[in-house]
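Single-letter residue listing:
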Amino acid sequence: LRSLDEAVRLGFNSRELIQREPLFDPLRSSPELKKLLAEMKPPGTARLWELLRARYPALGDWDPDAVLPAGTRLDHRVYLNPAEEFAWPDLSRPEEGTRGFCHALRNQAGVLVDGTVVPCCLDGEGVMALGNLRDAPLANILASPRARAIREGFSRRELVEPLCRTCGYRKRFDSGGLSKT
């Protein structure tokens with residue numbers, strides 16, 4: 001595969017893409033690493049760093065509790081960007097307020113491997129599907145009533161989608177406590 005467009009055109013789902021793409025070699029070669037990356041919680045964190053150090057010598061003796069510069073290159077097209085832990089958006093989690101801001105649909109959008117367009121990359125399940133590139137051009141999808149409502153809501157510091165109200169990542173864009181209900 002040479003691009004996401006090619007993957008979409010060929011109809012790959014995310015499991016097939018992970019099985020084919022060289023970028024995901026560490027995940028294929030280590031089922032334990034795949035499981036730990038999915039969980040990313042102690043006590044698995046220590047074992048995760050052990051596996052990462054084995055796969056990426058650039059980490060050397062780096063202590064995961066120490067500050068690592070953003071954008072530390074581990075390999076070709078593989079970077080480590082440490083940041084504060086956040087709660088992944090999930091409709092099964094309680095909402096964390098109705099006020100907040102996000103760059104979704106302003107500076108970014110996501111395209112899932114099946115062509116589904118979502119407001120951000122944290123919606124890997126397509127909960128907020130806006131349309132599909134197989135059915136409509138991206139410009140039309142981004143101009144849809146739902147996309148406009150999400151974008152305009154963020155401009156007003158209002159979280160119009162339930163999934164956004166469970167997202168801990170968007171809190172890093174809030175200022176002055178606007179994320180509180």
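Residues numbered from 1 in each chain as written. Predicted model: local features only at pLDDT ≥ 70, side-chain atom pairs only at ≥ 80, totals over all residues. Heavy atoms only, no water.

(A) Layout of the confidence of the model for the protein. When the pLDDT values of the protein are averaged, the result is 75; 62% of them are 70 or greater. Confidence, expressed as mean pLDDT per element, reaches its minimum in the protein at helix α2 (residues 14–20) with 51 and its maximum at helix α7 (residues 145–155) with 96. Residue range residues 176–181 is modelled with pLDDT below 50. Its contacts to residues more than four positions away, or to other chains, number 12 contacts. (pLDDT = per-residue confidence, 0-100. Helix = DSSP H or I, 4+ residues; strand = E, 2+ residues; numbered from the N terminus. Contact = heavy atoms within 4.5 Å.)

(B) Region of interest: the packing of aromatic side chains. Enumeration according to the criterion identifies three aromatic pairs in this entry. Judged by centre distance (5.7 Å) and plane angle (20 degrees), the rings of Phe86 and Trp88 are stacked. Residue Phe86 is classed as partly exposed on the basis of its relative accessible area of 26%. Consider the rings of Phe86 and Tyr169, whose centres lie 4.9 Å apart with planes at 70 degrees: the pair is edge-to-face. In this pair, Phe86 sits in the loop between β2 (78–80) and β3 (110–111) while Tyr169 sits in the segment after α7, placing the two residues 83 residues apart along the sequence. By relative accessible area, which is 28% here, Tyr169 ends up partly exposed. Ring pairs connect the aromatic residues Phe86, Trp88, Tyr169 and Phe173, which therefore count as one cluster. (Phe/Tyr/Trp six-rings, centres within 6.5 Å; stacked < 30°, edge-to-face > 60°. Buried < 20%, exposed > 50% of the residue type's maximum accessible area, 1.4 Å probe, protein only.)

(C) Quick look at the environment of Ala70. Note that Ala70 resides in the loop between α5 (44–55) and β1 (72–75). Along the backbone, Ala70 and Leu80 are 10 residues apart, and their C-alpha atoms lie at a distance of 6.8 Å.

(D) Region of the structure containing the pattern of salt bridges. Within this structure, the stated rule accounts for five salt bridges. For the salt bridge of Arg146 with Glu161, the shortest nitrogen-to-oxygen distance reads 2.9 Å. A residue pair is termed long-range when its members are at least 10 positions apart, and Arg146 in helix α7 and Glu161 in the segment after α7 qualify at 15 residues. The salt bridge involving Glu158 is made with Arg156; its shortest N-O contact spans 3.4 Å. Owing to a relative accessible area of 31%, Glu158 belongs among the partly exposed residues under this scheme. Looking at Arg156, the relative accessible area reads 43%, which means it is partly exposed. Salt bridges here are not isolated pairs; linked through shared partners, they connect Arg93, Glu96 and Lys171. (Salt bridge = Lys/Arg side-chain N within 4 Å of Asp/Glu carboxyl O.)

(E) Quick peek at the sheet that holds β3. Spatially, the three strands line up as an open sheet ordered β3-β4-β5, and their pairing is antiparallel. Single-partner strands in this sheet number two, and they are β3 and β5 (131–132). Where strand β4 (residues 116–118) lies against β5, two bridges are found, and the strand directions are antiparallel. Bridge pairing in β5 links Val117 to Gly131. (Pairing = 2+ DSSP bridges.)

(F) Geometry of unusual backbone geometry. Backbone geometry places Leu105, a non-glycine residue, at a positive phi of 65 degrees. Mapped onto the secondary structure, Leu105 falls in the loop between β2 and β3. Here Arg157, not a glycine, exhibits a phi torsion of approximately 65 degrees, which is positive.

(G) Layout of the environment of Glu84. Structurally, the position occupied by Glu84 is in the loop between β2 and β3. C-alpha of Glu84 to C-alpha of Tyr169: the two residues are 85 residues apart in sequence and 9.2 Å apart in space.

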